[in-house]
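In case you want the letters, here they are:
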Amino acid sequence: MSLPRNPRSLTSLLLNWVSPKGPTFKPQTSLINPTRPLTTTTAAAASSKLPRNEIRRMAQAAMFDYFYNNRGLQFLIAESMSQNAPLFNDTLLKNLHSNVDASSSGDDVIRSITRFLLYHPVNEFEPFFESLGLKPSEFSHLVPCDKMFLSEDAFLLENYHVFWNYGVGREKMGKIFKEAREVFGYENGVLASKIEALEGLGFSKVFVSKLIVCSPRVLIGGVSVELVEVIERLRGMGFGLDWVGENLSEESSYDWRCIRRCLTFLKELCGDESEVFELIKNRPGLVFEDSGEWTMILAGFQTKLGLSTRELAPLFLKLPQEIGKCVSNLRHCFLFLRGIKMEAYEIGKVFRYHSHWLGASRLKHTSTFLNTLKGGKKRLCQVIQENPEEMKKWTMGLRVQPLPGTGVVDVVCSKAMKTQFLLELGYKQDSEEMEKALRCFRGRGSELRERFDFLLGLGLSEGEAKDMVRTSPDVLTQASDVLEAKVNFLVNELGYPLSTLVAFPSCLKYTLERMKLRFAMFYWLRERGKADAKLAISTILVYSDKSFVTRFVNRHPDGPKHFEELKRSASL
């Protein structure tokens, strides 16, 4: 029902609302002065200097007057659209920036905005959707293409008032509109009948209002069978509607089919109703967080790592309350253990007995471990296998200390391992060549052996690998994953045989970015007949950037331009 309107008293109300400490214009004066021209000029010499916030408040007052008096919208809707659509208000002020500034008086601001709205009608759906809490990116596709005024949508405001009268807040209606737009198109009485049907299931008004926000799609079609079954199961276990409502979040959306599946799984897992009750009571997130999807993912993850179904229920009771965050932390830990080349059965052992605290915090990244712990991947695996709880010291927010036992003893041990490694390469003990090699082969002895084993793993013979590292010691100063990336690019992507690496091992000392840039330019020139197809890999990589441009890039008129484009794309 529309409220009675009194424009004269309303104008006085607006003035008190906008400037309660003393209006700068008289209440009896009309907001529009017909004697003034259409384009309102600013009063540069006006006695009133208005700050930006005051101008924004006056814009809200003018919008309220337009929506309520001129467009005939109900008081609450007009007030909400004028006060809760800041982006729309700012856009309106930008359109009037030449007429409204800090030197404008209150009369000028009100008249400019009101006149603009009268002669340039706005799409009322935009401020309406924004007042419901939706962002422009969320409602841009919801704005009707063939309508401008809310009065053109016969049922939108009717259903808005049904929700409002039932106790659903304005900012919560935006979520309902986004997830179940059809609800706002129901004919008169349909929405109210669906809400009554939910109450007919024995649900209280408080529970139904929260349920509507959490699961707007329960208002579409008939009564959700899955919803009824889930509530009946929970009631049968001893949970009341108040408990269910407390564990539903209005920020989330629920799929009752998934929740029903999760309840069935937990029942099969525990067997006894009392055990299921205790599990859900202590960890309600197992059922309600993301509709139980995280629980199913976690169960599958742990089962693949070797956990039996009987061990899952005790594990669930030890997990943190936030199941999704727990799964994310466990996944990060799994990737870390895979990254340091730990065997699958060893990973399974770690997760079987330590998942409850591994899921509570997040480990640092692998590179941080290797740089700070002063140990290679094999050493890291050994430490974790001996005492997995060492990983508690490597979580985010804690300062990582070197591994126990590192220090002078490790330095001596590392030098001994490096010496032994060089002896195996063919260097003579205590020779001048050995001393020089000790300085050239940077890194710990265990790391050198690990990188050398990587070369053997490529399919090279031991003799070929030894020749490579003796010719170019820089090869073993790089981490194994860096070497792997370079070899993969040259051999698998470009198609060079492994014999090329044996003949020119120094190619592996150049960065991967340099390789990709040089070869991209080389193939571009070769397609245009400006480069020899049999050009050696050493010729492409060894030249400095300046020499490469002179000798190759400048062979084609468009070469410098294309080379710069390649460099820009590589930097993105």
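One can find the structure itself at the top, above this paragraph.
Keep in mind the model is a prediction, meaning the values are calculated, not measured. (Residues numbered from 1 in each chain as written. Predicted model: local features only at pLDDT ≥ 70, side-chain atom pairs only at ≥ 80, totals over all residues. Heavy atoms only, no water.)

Caption draft 1: Inspection of the packing of aromatic side chains at higher detail. This model, assessed by the stated rule, comprises 26 aromatic pairs. Ring geometry for Tyr-68 against Phe-75: centres 5.6 Å apart, planes inclined by 85°, an arrangement best described as edge-to-face. What makes Tyr-68 buried here is its relative accessible area of 4%. Here Phe-75 falls in the partly exposed class, since its relative accessible area comes to 22%. For the ring pair Tyr-254 and Trp-256, a centre distance of 6.4 Å and an interplane angle of 35° mean the geometry is tilted. (Phe/Tyr/Trp six-rings, centres within 6.5 Å; stacked < 30°, edge-to-face > 60°. Buried < 20%, exposed > 50% of the residue type's maximum accessible area, 1.4 Å probe, protein only.)

Caption draft 2: Geometry of helix α20 (residues 344–358). For α20, with 15 residues, the first-to-last C-alpha span of 17 Å runs short of the 21 Å given by 1.5 Å per residue. Helix geometry: α20 is bent most strongly at Arg-352, by close to 55°. Residues of α20 that are buried: Glu-346, Ile-347, Gly-348, Val-350, Phe-351, His-354, Ser-355, Trp-357 and Leu-358. Its buried side turned inward, α20 meets α17 (293–304), α18 (309–318), α19 (323–339) and α22 (377–386). (Helix = DSSP H or I, 4+ residues; strand = E, 2+ residues; numbered from the N terminus. Expected span 1.5 Å × (residues − 1). Bend = angle between axes of the 7 residues up to and from the residue. Contact = heavy atoms within 4.5 Å.)

Caption draft 3: Spotlight on the pattern of salt bridges. Counted under the stated rule, the structure contains 22 salt bridges. Salt bridges linked by common partners bring Glu-229, Arg-233 and Arg-260 together as one network. (Salt bridge = Lys/Arg side-chain N within 4 Å of Asp/Glu carboxyl O.)

Caption draft 4: Fine view of the packing of helix α8 (residues 156–166) against helix α9 (residues 170–179). Viewed as axis vectors pointing N to C, α8 and α9 meet at an angle of 125°, and their least axial separation amounts to 11 Å. On the basis of the axis angle, α8 is oblique to α9. Judged by the twist between their axes, the crossing of α8 over α9 is right-handed. Mapping the contact onto sequence places Leu-156, Tyr-160, Phe-163 and Trp-164 in α8 and Arg-170, Met-173, Ile-176 and Phe-177 in α9. Classifying every residue of the contact of α8 with α9 gives seven nonpolar, no polar and one charged. (Axes fitted to C-alpha atoms, helices over the stretch in contact; angles between N-to-C directions. Parallel < 35°, antiparallel > 145°, perpendicular 65-115°, else oblique. Left-handed = near helix turned anticlockwise from the far one by under 90°. Nonpolar A, V, L, I, M, F, W, Y, C, P; charged D, E, K, R; others polar.)

Caption draft 5: Just the nonpolar core, in detail. Counting residues in hydrophobic clusters, the biggest one holds 117 residues, and the most contacted among them are Phe-128, Phe-129, Phe-163, Phe-316, Leu-337, Met-391 and Trp-394. Looking at this core element by element, the count peaks at ten residues for helix α2 (residues 52–70). When neighbours within four sequence positions are excluded, Phe-316 is seen to be in contact with Phe-265, Leu-266, Leu-269, Leu-279, Arg-283, Leu-286, Thr-295, Leu-298 and Ala-299. One finds Tyr-496, Leu-508, Phe-552 and Phe-563 within the second-largest nonpolar core, a separate group that totals 43 residues. (Core = buried A, V, L, I, M, F, W, Y, C linked by side-chain atoms within 4.5 Å.)

Caption draft 6: Inspection of α8 at higher detail. Three or more residues of α8 are buried, namely Leu-156, Leu-157, Asn-159, Tyr-160, His-161, Phe-163 and Tyr-166. On the buried face of α8, the contacting elements are α3 (75–83), α6 (125–131), α9, α10 (190–199) and α11 (205–214). Count one or two residues on from α8 and you reach Gly-167, which has phi positive near 105°.

Caption draft 7: Representation of the packing of helix α27 (residues 480–493) against helix α29 (residues 512–527) within the structure. The interhelical angle for the contact between α27 and α29, taken along N-to-C directions, is 15°, at an axis separation of 10 Å. Taken together, α27 and α29 sit at an angle that is classed as roughly parallel. The element α27 and its partner α29 pack so that their crossing is left-handed. Every residue of α29 that contacts α27 at Ala-485, Lys-486, Phe-489 and Leu-490 is listed here: Leu-512, Met-515, Lys-516 and Phe-519. For the contact of α27 with α29, a count of residues per class yields six nonpolar, no polar and two charged.

Caption draft 8: Quick peek at the side chain of Ser-472. Mapped onto the secondary structure, Ser-472 falls in the loop between α26 (462–471) and α27. Judged by relative accessible area, Ser-472 falls into the buried class, the value being 4%. Residues contacting Ser-472, with those up to four places away along its chain left out, are Pro-505 and Ser-506.

Caption draft 9: Summary view of the side chain of Glu-130. Within the element layout of this structure, Glu-130 appears in helix α6. It turns out Glu-130 is buried and unbridged, and the closest side chain with the opposite charge, Arg-170, is 9.5 Å from it. At 2.8 Å, the side chain of Glu-130 forms a polar contact with the backbone nitrogen of Leu-87. Those residues in contact with Glu-130, other than ones at most four positions away along the chain, are Asn-84, Ala-85, Pro-86, Leu-87, Phe-88 and Phe-139. (Lys, Arg positive; Asp, Glu negative; His and termini not counted. Polar contact = N/O pair within 3.5 Å; in protein donor to acceptor, adjacent residues only side chain to side chain.)

Caption draft 10: Highlighting the environment of Leu-363. The residue Leu-363 is located in the loop between α20 and α21 (366–372) in this model. A C-alpha to C-alpha distance of 7.5 Å links Leu-363 and Asn-329, two positions 34 residues apart in sequence.

Caption draft 11: Main features of unusual backbone geometry. Despite not being glycine, Asp-290 has its phi angle at roughly 55°, a positive value. One can find Asp-290 in the loop between α16 (285–288) and α17. Even without glycine at this site, Lys-341 takes up a positive phi of about 65°. Mapped onto the secondary structure, Lys-341 falls in the loop between α19 and α20. Residue class for Lys-341 comes out exposed when judged on its relative accessible area of 58%.

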